[in-house]
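Read off the chains here:
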Amino acid sequence: MRWGLLALLVSLTVGQAIGSTVVNFDDLPYGSVPASYGGIDWSASTWWMEYDSPPYFPAHSQPYSVFSHDSSPTWVFETPSRFEGVWFNGNNDSETSDQTINVKLFDTDDNLVWEATTPSLNPPGLPVWFGCDYTGWVERVTLTPVYFNRWTMDDVTYTAAPGLPAVSLVVFAPLAGAIVRRLRKS
Ligand SMILES: [Ca+2]
């Protein structure tokens, strides 16, 4: 029973570090994306938020998606992560009807480990899920659209490498240690 309590504490502590994170941008004030947001370092490129304004660039989660003016914008996970995917959208401009986006993943040593290109994002100008089947840990993601600045993305989804959050160590580690000492004495 007592070991069961300890196991529960450990599972609670570790469990906080497991699970997907979805970065939706919807809780931000309108403007540029902060350098650090959603566990991701966005500072290497210009990232701007976009209002949902159908039929152009509808977001997957309301009200905001983001885009970049850069030709190959990039972001860096603050913790090595498994990149699961992201929602992309083009626009309904006939000049960019063949818009696609090339996605490259780089590991913690900045080696290219995975690359794929989306299908055409137009028409119909609706959000398209781009899933990633690479299961290794990555840090940097670089996007290269055919037409820069004519696309948006939303709901960046990833799983951070397991680790014990600082709050868990502060709160649970002393408690777990005390329980272990009591078990040893009994
Ligand atoms: Ca959103």
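Residues numbered from 1 in each chain as written. Predicted model: local features only at pLDDT ≥ 70, side-chain atom pairs only at ≥ 80, totals over all residues.

What follows is about the overall build of the chain. The helix and strand tally for the chain stands at two helices and 11 strands. The proportion of buried residues among the 186 residues of the chain is 24%. If you take every contact in the chain between residues at least 6 apart in sequence, the share linking residues at least 24 apart comes to 74%. (Helix = DSSP H or I, 4+ residues; strand = E, 2+ residues; numbered from the N terminus. Buried ≥ 20, exposed ≤ 12 C-beta atoms within 10 Å, placed from the backbone. Contact = placed C-beta atoms within 7 Å.)

A separate point is the environment of D110. The topology assignment puts D110 in the loop between strand 7 (101-106) and strand 8 (112-117). Looking at D110, the number of C-beta atoms within 10 Å reads 11, which means it is exposed.

Attention shifts here to the environment of W42. The residue W42 is located in the loop between strand 3 (40-41) and strand 4 (48-51) in this model. Each C-alpha atom of the pair W42 and W75 lies 5.0 Å from the other, and the pair is 33 residues apart in sequence. Discounting residues that sit within four places of it in the chain, W42 has contacts with V33, P34, A35, Y37, W47 and W75.

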